[in-house]
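# Structural overview
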Amino acid sequence: MDLLLILLGIVTLLFFLLASTNALKQYTKNKNVIWLASRHKIFGMLASLTAITHMMIAIINNRLVLTGLLSLVALLLTGIFGILFYRLKKKPFYIAHRIMGPITLVLITIHVITNLI
């Protein structure tokens, strides 16, 4: 089960980073980056789903840690703010979505580092 937990964590991070390519599209004409960025919502949803699955496996294994829970909450808030902006077109939700992305990355990094120690 530990291997599954690790793999789900890696896949979650991969989907999160793929969703993050959306921020790069305005700075490049690279067709691969633009193609990845056009799937921003899909990658974000997949990151959330794999993170929730990762958490459920951690609970089953009695391996749930605070840094992981904080990372999950930040990831879900990033998605929620993105959905709210997409639906309501209110700038505060867009700003919150853009702020939560880097916060989520920092929390995921802390989660990974503290679990390696």
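The structure under discussion appears in the preceding block.
So, here is what we can say about the structure in this document.

Thresholds, definitions, all that
- Residues numbered from 1 in each chain as written.
- Predicted model: local features only at pLDDT ≥ 70, side-chain atom pairs only at ≥ 80, totals over all residues.
- Heavy atoms only, no water.
- Helix = DSSP H or I, 4+ residues; strand = E, 2+ residues; numbered from the N terminus.
- Buried < 20%, exposed > 50% of the residue type's maximum accessible area, 1.4 Å probe, protein only.
- Areas by Shrake-Rupley, 256 points an atom, 1.4 Å probe, with all protein chains shown as cover.
- Polar contact = N/O pair within 3.5 Å; in protein donor to acceptor, adjacent residues only side chain to side chain.
- Axes fitted to C-alpha atoms, helices over the stretch in contact; angles between N-to-C directions.
- Parallel < 35°, antiparallel > 145°, perpendicular 65-115°, else oblique.
- Left-handed = near helix turned anticlockwise from the far one by under 90°.
- Nonpolar A, V, L, I, M, F, W, Y, C, P; charged D, E, K, R; others polar.
- Phe/Tyr/Trp six-rings, centres within 6.5 Å; stacked < 30°, edge-to-face > 60°.
- Core = buried A, V, L, I, M, F, W, Y, C linked by side-chain atoms within 4.5 Å.
- Contact = heavy atoms within 4.5 Å.
- Expected span 1.5 Å × (residues − 1).
- Salt bridge = Lys/Arg side-chain N within 4 Å of Asp/Glu carboxyl O.

Bringing the overall build of the protein into the picture now. Counting its regular elements, the protein contains 5 helices and 0 strands. Viewed in the frame of its principal axes, the protein has a C-alpha envelope of about 40 × 30 × 20 Å. The buried share among the 117 residues of the protein stands at 28%. For the protein, the exposed area adds up to about 8,000 Å²; of that, 75% sits on carbon and sulfur atoms.

Relative to the elements of secondary structure, Thr-104 occurs in helix H5 (residues 91-116). At 3.0 Å, the side chain of Thr-104 forms a polar contact with the side chain of Thr-78.

So, on to the packing of helix H4 (residues 66-88) against H5. The interhelical angle for the contact between H4 and H5, taken along N-to-C directions, is 160°, at an axis separation of 8 Å. Classified by the angle their axes make, H4 and H5 are roughly antiparallel. Two packed elements cross with a definite hand, and for H4 against H5 that hand is left-handed. Of the residues that constitute the contact of H4 with H5, the class distribution is 15 nonpolar, 11 polar and no charged.

With respect to the helices and strands, Thr-67 occurs in helix H4. A distance of 2.9 Å separates polar atoms of two side chains, one belonging to Thr-67 and the other to His-111.

In the structure shown here, the tally under the stated rule is 2 aromatic pairs. Centre to centre, the rings of Phe-15 and Phe-43 are 6.4 Å apart; their planes meet at 20°, and the pair counts as stacked. One end of the pair, Phe-15, is in helix H1 (residues 2-20); the other, Phe-43, is in helix H3 (residues 40-60), with 28 residues separating them in the sequence. Of the two residues, Phe-15 and Phe-43, neither departs from the other in class, the shared state being buried.

Bringing the nonpolar core into the picture now. Counting residues in each nonpolar core, the largest one holds 10 residues, listed as Phe-15, Phe-16, Leu-18, Ala-19, Phe-43, Ala-47, Ala-51, Leu-72, Leu-75 and Ile-108. Sorting the residues of this core by element identifies H1, H3 and H4 as the ones contributing at least two each. Tallying contributions element by element places H1 first for this core, with 4 residues. Setting aside residues up to four positions removed in sequence, Phe-15 forms contacts with Phe-43, Leu-46, Ala-47 and Thr-50.

Here we take up H5. The terminal C-alpha atoms of H5 lie 38 Å apart, and with 26 residues this matches the ideal 38 Å at 1.5 Å per residue to within 8%. Those residues of H5 not exposed but buried are Ala-96, His-97, Met-100, Gly-101, Thr-104, Ile-108 and His-111.

With that out of the way, let us pick up the pattern of salt bridges. In total, this model carries 1 salt bridge according to the counting rule given. Residue Arg-63 pairs with Asp-2 through a salt bridge whose shortest N-O separation is 3.4 Å. In this pair, Arg-63 sits in the loop between H3 and H4 while Asp-2 sits in helix H1, placing the two residues 61 residues apart along the sequence. On the basis of relative accessibility, which here comes to 41%, the residue Arg-63 falls in the partly exposed class.

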